Amino acid sequence: MPATSDRILGFGESVIRRMTRIANEYGAINLSQGFPDYDPPPQLIAAGVAAMQNGPHQYAVTWGAPDFRQALARKQSRFMGLDLDPERHLVVTCGSTEAMIAAMLTVCNPGEKVVVFSPFYENYGADAILSGAEPIFVPLRPPHFEFDLTELEAAFAQGPKAIILCNPSNPCGKVFSETELLTIARLAQAHDTFVITDEVYEHIVYAPHRHCYLAALPGMFERTISCSSLSKTYSITGWRLGYAIAAPAVIDGIKKVHDFLTVGAAAPLQAAALAGLALPDGYYTELAQGYTHKRALFLRWLERAGLTYFPPQGAYYVLVDIAPVVGESGIDDHAFCDWLARRVGVAAVPGSSFFREPVHHYIRFHFAKQDATLNAAGERLLELRRLWQADQKS
Ligand code: GLN
(Lines give C-alpha, C1' and ligand atoms only; values in the text may rest on other atoms or scores of the structure.)
Protein backbone atom coordinates (compact mmCIF):
# COMPACT_ATOMS: atom_id res chain seq x y z
CA MET A 1 0.00 0.00 0.00
CA PRO A 2 1.41 3.46 -0.86
CA ALA A 3 2.27 5.81 2.00
CA THR A 4 -0.20 8.49 3.07
CA SER A 5 0.90 12.12 3.12
CA ASP A 6 3.42 13.50 5.61
CA ARG A 7 0.93 16.28 6.36
CA ILE A 8 -1.41 14.02 8.29
CA LEU A 9 1.40 12.72 10.49
CA GLY A 10 1.56 16.18 12.09
CA PHE A 11 -1.63 15.80 14.04
CA GLY A 12 -3.26 13.00 15.97
CA GLU A 13 -6.88 12.28 16.72
CA SER A 14 -8.83 15.17 18.30
CA VAL A 15 -8.47 14.74 22.06
CA ILE A 16 -11.87 16.38 22.58
CA ARG A 17 -13.67 13.90 20.38
CA ARG A 18 -11.66 11.01 21.84
CA MET A 19 -13.04 11.95 25.26
CA THR A 20 -16.59 11.85 23.92
CA ARG A 21 -15.88 8.29 22.77
CA ILE A 22 -14.50 7.35 26.19
CA ALA A 23 -17.50 8.99 27.91
CA ASN A 24 -19.82 6.82 25.81
CA GLU A 25 -17.75 3.71 26.50
CA TYR A 26 -18.03 4.15 30.28
CA GLY A 27 -21.50 5.68 30.29
CA ALA A 28 -20.03 8.81 31.87
CA ILE A 29 -21.78 12.18 31.91
CA ASN A 30 -20.07 13.94 29.04
CA LEU A 31 -18.72 17.33 30.08
CA SER A 32 -15.84 17.02 27.60
CA GLN A 33 -16.86 17.97 24.05
CA GLY A 34 -18.67 21.30 24.28
CA PHE A 35 -22.20 21.00 22.96
CA PRO A 36 -25.62 21.46 24.62
CA ASP A 37 -27.90 18.59 25.62
CA TYR A 38 -30.98 20.76 25.09
CA ASP A 39 -32.90 21.76 21.99
CA PRO A 40 -32.49 24.93 19.95
CA PRO A 41 -35.25 27.58 20.21
CA PRO A 42 -38.59 26.13 18.92
CA GLN A 43 -38.73 28.71 16.11
CA LEU A 44 -35.63 27.13 14.56
CA ILE A 45 -37.03 23.62 14.78
CA ALA A 46 -40.33 24.71 13.17
CA ALA A 47 -38.43 26.53 10.42
CA GLY A 48 -36.28 23.42 9.92
CA VAL A 49 -39.37 21.24 9.41
CA ALA A 50 -40.79 23.79 6.95
CA ALA A 51 -37.49 23.93 5.06
CA MET A 52 -37.52 20.15 4.70
CA GLN A 53 -41.08 20.23 3.37
CA ASN A 54 -40.76 23.23 1.07
CA GLY A 55 -37.07 23.31 0.22
CA PRO A 56 -34.60 24.56 -0.80
CA HIS A 57 -32.96 21.18 -1.33
CA GLN A 58 -30.34 22.07 -3.93
CA TYR A 59 -27.13 24.08 -3.63
CA ALA A 60 -27.42 27.59 -2.27
CA VAL A 61 -25.16 30.31 -3.71
CA THR A 62 -21.75 28.95 -2.77
CA TRP A 63 -20.84 31.83 -0.42
CA GLY A 64 -24.27 31.79 1.25
CA ALA A 65 -27.96 32.10 0.34
CA PRO A 66 -28.70 35.81 -0.29
CA ASP A 67 -31.48 36.08 2.32
CA PHE A 68 -29.33 34.32 4.93
CA ARG A 69 -26.39 36.64 4.22
CA GLN A 70 -28.67 39.68 4.40
CA ALA A 71 -30.10 38.63 7.77
CA LEU A 72 -26.63 37.76 9.07
CA ALA A 73 -25.17 41.07 7.90
CA ARG A 74 -28.04 42.93 9.62
CA LYS A 75 -27.56 41.08 12.91
CA GLN A 76 -23.77 41.29 12.94
CA SER A 77 -23.78 44.97 11.87
CA ARG A 78 -25.98 45.68 14.89
CA PHE A 79 -23.77 43.82 17.39
CA MET A 80 -20.39 44.68 15.89
CA GLY A 81 -21.23 48.34 15.27
CA LEU A 82 -20.20 48.03 11.60
CA ASP A 83 -22.01 48.60 8.33
CA LEU A 84 -21.62 45.18 6.72
CA ASP A 85 -22.52 44.59 3.08
CA PRO A 86 -23.90 41.05 2.61
CA GLU A 87 -22.44 40.92 -0.91
CA ARG A 88 -18.91 42.13 -0.17
CA HIS A 89 -18.10 41.42 3.49
CA LEU A 90 -19.40 37.94 4.22
CA VAL A 91 -18.94 34.27 3.37
CA VAL A 92 -21.14 31.56 4.89
CA THR A 93 -19.16 28.42 5.76
CA CYS A 94 -19.63 24.98 7.31
CA GLY A 95 -19.11 26.14 10.88
CA SER A 96 -16.49 28.50 12.18
CA THR A 97 -14.11 25.55 11.80
CA GLU A 98 -14.24 25.92 8.02
CA ALA A 99 -14.16 29.73 8.26
CA MET A 100 -10.89 29.50 10.24
CA ILE A 101 -9.09 27.11 7.88
CA ALA A 102 -10.35 29.01 4.83
CA ALA A 103 -9.05 32.24 6.40
CA MET A 104 -5.66 30.65 7.11
CA LEU A 105 -5.40 29.25 3.56
CA THR A 106 -6.38 32.65 2.18
CA VAL A 107 -3.81 34.76 4.04
CA CYS A 108 -0.85 32.44 4.73
CA ASN A 109 1.80 31.09 2.41
CA PRO A 110 3.57 27.90 3.54
CA GLY A 111 6.39 28.80 5.92
CA GLU A 112 4.83 32.06 7.10
CA LYS A 113 4.36 32.55 10.82
CA VAL A 114 1.15 32.81 12.82
CA VAL A 115 0.91 33.96 16.45
CA VAL A 116 -1.27 31.70 18.61
CA PHE A 117 -2.04 32.31 22.28
CA SER A 118 -1.61 29.26 24.50
CA PRO A 119 -3.87 27.72 25.79
CA PHE A 120 -5.60 27.46 22.42
CA TYR A 121 -8.47 25.55 20.87
CA GLU A 122 -6.96 22.37 19.38
CA ASN A 123 -8.07 23.08 15.77
CA TYR A 124 -5.63 25.99 15.39
CA GLY A 125 -2.67 23.60 15.55
CA ALA A 126 -4.21 21.51 12.77
CA ASP A 127 -5.07 24.67 10.77
CA ALA A 128 -1.41 25.70 10.92
CA ILE A 129 -0.30 22.29 9.67
CA LEU A 130 -2.88 22.23 6.85
CA SER A 131 -1.94 25.71 5.67
CA GLY A 132 1.79 25.20 6.17
CA ALA A 133 1.99 28.11 8.61
CA GLU A 134 4.41 28.00 11.50
CA PRO A 135 2.89 28.87 14.88
CA ILE A 136 4.63 31.18 17.36
CA PHE A 137 3.04 30.53 20.75
CA VAL A 138 2.53 33.28 23.31
CA PRO A 139 1.45 32.10 26.76
CA LEU A 140 -1.65 33.34 28.56
CA ARG A 141 -0.68 32.67 32.16
CA PRO A 142 -3.06 31.48 34.85
CA PRO A 143 -4.77 32.54 37.03
CA HIS A 144 -5.91 35.51 34.91
CA PHE A 145 -4.63 34.29 31.55
CA GLU A 146 -2.99 37.61 30.71
CA PHE A 147 -0.26 37.92 28.10
CA ASP A 148 3.11 39.48 28.76
CA LEU A 149 3.56 42.49 26.49
CA THR A 150 7.28 41.80 25.99
CA GLU A 151 6.53 38.25 24.86
CA LEU A 152 3.81 39.42 22.48
CA GLU A 153 6.10 42.10 21.06
CA ALA A 154 8.84 39.51 20.57
CA ALA A 155 6.36 37.32 18.66
CA PHE A 156 5.33 40.22 16.41
CA ALA A 157 9.01 41.10 15.88
CA GLN A 158 9.31 37.78 13.99
CA GLY A 159 7.08 39.24 11.27
CA PRO A 160 4.02 36.97 11.53
CA LYS A 161 1.47 37.01 8.73
CA ALA A 162 -1.43 36.64 11.15
CA ILE A 163 -2.42 36.28 14.78
CA ILE A 164 -5.25 34.00 15.87
CA LEU A 165 -7.49 35.39 18.59
CA CYS A 166 -10.13 33.25 20.27
CA ASN A 167 -12.33 35.67 22.18
CA PRO A 168 -14.04 34.69 24.47
CA SER A 169 -11.45 31.97 24.78
CA ASN A 170 -11.91 28.25 24.60
CA PRO A 171 -10.63 26.64 26.88
CA CYS A 172 -9.75 29.23 29.56
CA GLY A 173 -12.83 31.47 29.38
CA LYS A 174 -10.79 34.64 29.04
CA VAL A 175 -12.59 37.68 27.61
CA PHE A 176 -9.98 40.04 26.18
CA SER A 177 -10.42 43.57 27.54
CA GLU A 178 -10.65 46.55 25.24
CA THR A 179 -7.18 47.64 26.43
CA GLU A 180 -5.70 44.24 25.52
CA LEU A 181 -7.41 44.33 22.13
CA LEU A 182 -6.07 47.84 21.47
CA THR A 183 -2.57 46.53 22.22
CA ILE A 184 -3.02 43.64 19.78
CA ALA A 185 -4.47 46.06 17.20
CA ARG A 186 -1.52 48.44 17.60
CA LEU A 187 1.00 45.62 17.09
CA ALA A 188 -0.94 44.17 14.14
CA GLN A 189 -0.91 47.57 12.45
CA ALA A 190 2.75 48.24 13.23
CA HIS A 191 3.82 44.85 11.81
CA ASP A 192 1.23 44.68 9.01
CA THR A 193 -0.33 41.49 10.39
CA PHE A 194 -3.79 40.01 9.83
CA VAL A 195 -5.94 39.11 12.84
CA ILE A 196 -8.08 35.99 12.48
CA THR A 197 -10.66 35.94 15.26
CA ASP A 198 -12.73 33.02 16.49
CA GLU A 199 -15.71 34.62 18.21
CA VAL A 200 -18.15 31.73 18.46
CA TYR A 201 -18.84 32.56 22.13
CA GLU A 202 -19.51 36.25 21.38
CA HIS A 203 -22.92 36.12 23.12
CA ILE A 204 -21.78 34.03 26.11
CA VAL A 205 -20.06 36.59 28.34
CA TYR A 206 -20.40 37.02 32.12
CA ALA A 207 -20.90 40.46 33.68
CA PRO A 208 -19.02 42.70 34.31
CA HIS A 209 -17.03 41.47 31.29
CA ARG A 210 -18.21 42.47 27.85
CA HIS A 211 -17.32 41.34 24.38
CA CYS A 212 -15.46 43.81 22.18
CA TYR A 213 -15.17 43.06 18.46
CA LEU A 214 -11.61 43.56 17.29
CA ALA A 215 -12.81 44.28 13.74
CA ALA A 216 -14.65 47.35 15.05
CA LEU A 217 -11.55 49.00 16.56
CA PRO A 218 -10.25 52.00 14.59
CA GLY A 219 -8.38 50.94 11.45
CA MET A 220 -8.81 47.21 12.11
CA PHE A 221 -11.57 46.17 9.72
CA GLU A 222 -9.24 45.91 6.71
CA ARG A 223 -6.88 43.48 8.48
CA THR A 224 -9.32 41.44 10.57
CA ILE A 225 -11.09 38.25 9.53
CA SER A 226 -13.90 37.71 12.03
CA CYS A 227 -14.94 34.05 12.15
CA SER A 228 -17.96 32.91 14.06
CA SER A 229 -20.95 30.62 13.83
CA LEU A 230 -24.54 30.02 14.80
CA SER A 231 -23.60 26.81 16.65
CA LYS A 232 -23.33 28.08 20.21
CA THR A 233 -25.60 31.12 19.88
CA TYR A 234 -28.64 29.04 18.83
CA SER A 235 -27.56 25.63 20.24
CA ILE A 236 -27.24 24.11 16.74
CA THR A 237 -23.68 22.75 16.72
CA GLY A 238 -24.72 19.97 14.31
CA TRP A 239 -26.13 22.34 11.69
CA ARG A 240 -22.60 23.46 10.80
CA LEU A 241 -23.42 27.08 9.94
CA GLY A 242 -20.56 29.51 10.29
CA TYR A 243 -19.21 32.57 8.56
CA ALA A 244 -16.24 34.83 7.97
CA ILE A 245 -16.52 38.62 7.86
CA ALA A 246 -13.70 40.66 6.32
CA ALA A 247 -12.77 43.35 3.82
CA PRO A 248 -13.80 42.59 0.18
CA ALA A 249 -10.28 41.70 -1.03
CA VAL A 250 -9.92 39.04 1.67
CA ILE A 251 -13.52 37.83 1.29
CA ASP A 252 -12.90 37.26 -2.44
CA GLY A 253 -10.07 34.89 -1.49
CA ILE A 254 -12.07 33.10 1.20
CA LYS A 255 -14.97 32.64 -1.26
CA LYS A 256 -12.69 30.76 -3.64
CA VAL A 257 -11.11 28.56 -0.95
CA HIS A 258 -14.55 27.82 0.50
CA ASP A 259 -15.99 26.98 -2.93
CA PHE A 260 -13.30 24.38 -3.57
CA LEU A 261 -13.31 23.00 -0.01
CA THR A 262 -17.02 22.44 0.52
CA VAL A 263 -19.05 24.27 -2.21
CA GLY A 264 -21.40 25.52 0.47
CA ALA A 265 -23.24 25.14 3.74
CA ALA A 266 -26.52 23.17 3.81
CA ALA A 267 -29.18 25.14 1.90
CA PRO A 268 -32.26 24.05 3.92
CA LEU A 269 -30.48 24.79 7.18
CA GLN A 270 -29.55 28.29 6.02
CA ALA A 271 -33.26 28.83 5.27
CA ALA A 272 -34.24 27.47 8.69
CA ALA A 273 -31.65 29.50 10.58
CA LEU A 274 -33.29 32.72 9.35
CA ALA A 275 -35.69 32.12 12.25
CA GLY A 276 -32.77 32.43 14.66
CA LEU A 277 -31.38 35.57 13.05
CA ALA A 278 -34.85 37.13 13.32
CA LEU A 279 -35.03 36.68 17.12
CA PRO A 280 -35.23 39.94 19.10
CA ASP A 281 -32.25 41.25 21.08
CA GLY A 282 -33.84 39.92 24.27
CA TYR A 283 -32.92 36.42 23.08
CA TYR A 284 -29.19 37.17 23.40
CA THR A 285 -29.63 38.73 26.84
CA GLU A 286 -31.51 35.62 27.98
CA LEU A 287 -28.85 33.36 26.48
CA ALA A 288 -26.16 35.11 28.54
CA GLN A 289 -28.38 34.99 31.64
CA GLY A 290 -29.02 31.28 31.14
CA TYR A 291 -25.30 30.55 30.96
CA THR A 292 -24.60 32.85 33.91
CA HIS A 293 -26.95 30.61 35.91
CA LYS A 294 -25.31 27.39 34.64
CA ARG A 295 -21.87 28.78 35.38
CA ALA A 296 -22.83 29.58 38.98
CA LEU A 297 -24.50 26.19 39.39
CA PHE A 298 -21.53 24.21 38.11
CA LEU A 299 -18.85 26.27 39.90
CA ARG A 300 -20.74 25.71 43.15
CA TRP A 301 -20.49 21.93 42.57
CA LEU A 302 -16.76 22.24 41.90
CA GLU A 303 -16.38 24.14 45.17
CA ARG A 304 -18.40 21.56 47.08
CA ALA A 305 -16.23 18.82 45.56
CA GLY A 306 -13.14 20.67 46.83
CA LEU A 307 -11.76 21.35 43.35
CA THR A 308 -9.66 24.36 42.38
CA TYR A 309 -10.74 26.16 39.22
CA PHE A 310 -10.23 29.35 37.21
CA PRO A 311 -13.57 31.20 36.96
CA PRO A 312 -14.39 31.82 33.27
CA GLN A 313 -15.28 35.34 32.09
CA GLY A 314 -16.98 34.02 28.96
CA ALA A 315 -17.71 30.84 26.92
CA TYR A 316 -18.93 27.69 28.67
CA TYR A 317 -15.77 25.96 29.80
CA VAL A 318 -13.88 25.87 33.06
CA LEU A 319 -10.29 24.74 33.66
CA VAL A 320 -9.76 22.81 36.89
CA ASP A 321 -6.33 22.39 38.52
CA ILE A 322 -5.95 18.73 39.50
CA ALA A 323 -2.54 19.19 41.16
CA PRO A 324 -4.09 19.49 44.66
CA VAL A 325 -5.93 16.18 44.07
CA VAL A 326 -3.23 14.05 42.45
CA GLY A 327 -0.33 15.45 44.49
CA GLU A 328 2.91 13.58 43.89
CA SER A 329 1.22 10.52 42.36
CA GLY A 330 2.74 11.25 38.97
CA ILE A 331 -0.66 10.85 37.27
CA ASP A 332 -1.02 13.20 34.31
CA ASP A 333 -4.15 14.83 32.95
CA HIS A 334 -4.79 12.10 30.33
CA ALA A 335 -4.64 9.27 32.86
CA PHE A 336 -6.70 11.36 35.26
CA CYS A 337 -9.44 12.01 32.69
CA ASP A 338 -9.62 8.31 31.83
CA TRP A 339 -9.90 7.50 35.56
CA LEU A 340 -12.50 10.25 36.06
CA ALA A 341 -14.71 8.93 33.26
CA ARG A 342 -14.40 5.31 34.38
CA ARG A 343 -14.51 5.64 38.17
CA VAL A 344 -16.40 8.89 38.85
CA GLY A 345 -18.56 8.79 35.71
CA VAL A 346 -17.85 12.31 34.45
CA ALA A 347 -15.87 13.06 31.30
CA ALA A 348 -13.52 16.05 30.96
CA VAL A 349 -10.81 16.98 28.42
CA PRO A 350 -7.11 16.71 29.40
CA GLY A 351 -5.86 20.31 29.53
CA SER A 352 -2.49 19.54 27.93
CA SER A 353 -4.21 19.26 24.54
CA PHE A 354 -4.78 23.03 24.70
CA PHE A 355 -1.36 24.13 25.97
CA ARG A 356 1.91 24.53 24.15
CA GLU A 357 3.70 24.57 27.51
CA PRO A 358 4.27 21.16 29.14
CA VAL A 359 1.46 21.45 31.70
CA HIS A 360 -0.28 18.24 32.70
CA HIS A 361 -2.36 19.25 35.69
CA TYR A 362 -5.39 20.95 34.17
CA ILE A 363 -8.61 19.43 32.91
CA ARG A 364 -11.48 21.18 31.10
CA PHE A 365 -15.16 20.74 31.86
CA HIS A 366 -17.99 22.38 29.93
CA PHE A 367 -21.33 23.35 31.40
CA ALA A 368 -23.62 23.72 28.37
CA LYS A 369 -25.92 21.12 29.85
CA GLN A 370 -29.37 20.98 31.42
CA ASP A 371 -29.39 21.77 35.13
CA ALA A 372 -30.37 18.14 35.82
CA THR A 373 -27.27 16.91 33.93
CA LEU A 374 -25.01 19.38 35.76
CA ASN A 375 -26.51 18.36 39.11
CA ALA A 376 -26.04 14.66 38.34
CA ALA A 377 -22.41 15.35 37.36
CA GLY A 378 -21.99 17.46 40.50
CA GLU A 379 -23.25 14.65 42.75
CA ARG A 380 -20.70 12.32 41.17
CA LEU A 381 -17.89 14.87 41.54
CA LEU A 382 -18.58 15.03 45.29
CA GLU A 383 -17.21 11.46 45.39
CA LEU A 384 -14.08 12.30 43.44
CA ARG A 385 -11.65 12.88 46.28
CA ARG A 386 -12.89 9.87 48.29
CA LEU A 387 -12.63 7.55 45.28
CA TRP A 388 -9.21 8.92 44.40
CA GLN A 389 -7.88 8.25 47.90
CA ALA A 390 -9.44 4.78 47.98
CA ASP A 391 -7.84 3.90 44.63
CA GLN A 392 -4.45 5.23 45.71
CA LYS A 393 -4.46 2.97 48.75
CA SER A 394 -5.50 -0.14 46.87
N1 GLN B 1 -15.92 23.54 20.42
C2 GLN B 1 -16.26 22.36 21.15
C3 GLN B 1 -15.22 22.05 22.21
O4 GLN B 1 -14.24 22.74 22.32
C5 GLN B 1 -16.45 21.20 20.22
C6 GLN B 1 -15.19 20.72 19.63
C7 GLN B 1 -15.38 19.84 18.45
O8 GLN B 1 -15.61 18.68 18.60
N9 GLN B 1 -15.30 20.41 17.29
O10 GLN B 1 -15.40 21.13 22.94
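For the structure itself, consult the block above.
Residues numbered from 1 in each chain as written. Predicted model: local features only at pLDDT ≥ 70, side-chain atom pairs only at ≥ 80, totals over all residues. Heavy atoms only, no water.

## Section: the overall build of the protein chain
Then step 1. Helices and strands together make up the secondary structure of the protein chain, namely 14 helices and 13 strands.
Then step 2. Taken over the C-alpha trace, the protein chain has a radius of gyration of 21 Å; the compact-globule value for 394 residues is 21 Å, and the two agree within 12%.
Then step 3. With respect to the principal axes defined by its C-alpha atoms, the protein chain has extents near 65 × 55 × 55 Å.
Then step 4. Residues classed as buried in the protein chain amount to 57% of the 394 residues present.
Then step 5. Long-range pairs, those at least 24 residues apart, make up 76% of the contacts in the protein chain with a sequence separation of at least 6.
Then step 6. As displayed, the protein chain has an accessible area near 16300 Å², and 54% of this comes from carbon and sulfur atoms.
Then step 7. Charge centroids of the protein chain, computed over 33 positive and 40 negative side chains, lie 3 Å from each other. (Helix = DSSP H or I, 4+ residues; strand = E, 2+ residues; numbered from the N terminus. Rg over C-alpha atoms; globule rule 2.2 N^0.38 Å. Buried < 20%, exposed > 50% of the residue type's maximum accessible area, 1.4 Å probe, protein only. Contact = heavy atoms within 4.5 Å. Areas by Shrake-Rupley, 256 points an atom, 1.4 Å probe, with all protein chains shown as cover. Lys, Arg positive; Asp, Glu negative; His and termini not counted. Charge placed at Lys NZ, Arg CZ, Asp CG, Glu CD.)

## Quick notes on the packing of helix α12 (residues 333-344) against helix α14 (residues 384-393)
Then step 1. Axis separation between α12 and α14 bottoms out at 11 Å; the angle between their running directions is 105°. With respect to each other, α12 and α14 are oriented roughly perpendicular. Contacts between α12 and α14 involve F336, W339, L340, R343 and V344 on the former and, on the latter, L384, L387, W388 and D391. (Axes fitted to C-alpha atoms, helices over the stretch in contact; angles between N-to-C directions. Parallel < 35°, antiparallel > 145°, perpendicular 65-115°, else oblique.)

## Description of a nonpolar patch on the surface
Then step 1. Residues I8, L9, F11, I129 and L130 make up a contiguous nonpolar surface patch of roughly 430 Å² in combined accessible area.
Then step 2. Structurally, L130 is set in helix α5 (residues 123-131). (Patch = residues over 30% accessible without salt bridge, like charges linked within 9 Å, V, L, I, M, F, W, Y side chains within 5 Å. Salt bridge = Lys/Arg side-chain N within 4 Å of Asp/Glu carboxyl O.)

## Describing the sheet that holds strand β3 (residues 113-118)
Strand-to-strand pairing in sheets goes through backbone hydrogen bonds, with the strands running parallel or antiparallel.
Then step 1. One open sheet holds the 7 strands; their spatial order is β2-β8-β7-β6-β5-β3-β4, and the pairing between them is mixed. Two strands lie at the open edges of the sheet, namely β2 (90-93) and β4 (134-139), each paired on one side alone. Between one strand axis and the next, the sheet turns by 20° as a mean value, whatever way the strands run.
Then step 2. Here strand β5 (residues 162-166) runs beside strand β6 (residues 194-198); their pairing, made up of 5 bridges, is parallel. Residue pairing in the sheet places C166 in a bridge with D198 of β6. (Pairing = 2+ DSSP bridges.)

## As for helix α7 (residues 178-190)
Then step 1. The terminal C-alpha atoms of α7, which comprises 13 residues, lie 18 Å apart, in line with the 18 Å expected from a rise of 1.5 Å per residue.
Then step 2. D192, located one to two residues past α7, shows a positive phi value of around 55°. (Expected span 1.5 Å × (residues − 1).)

## Looking at the pairing of strand β13 (residues 362-366)
Then step 1. Among the 5 residues of β13, 5 are classified as buried, and the element is accordingly described as predominantly covered.
Then step 2. Here β13 shows two buried faces, one formed by Y362, R364 and H366 and the other by I363 and F365.
Then step 3. In terms of strand pairing, strand β10 (residues 317-321) meets β13 through 5 bridges, oriented antiparallel. Looking at the pairing, D321 lines up with Y362 of β13.

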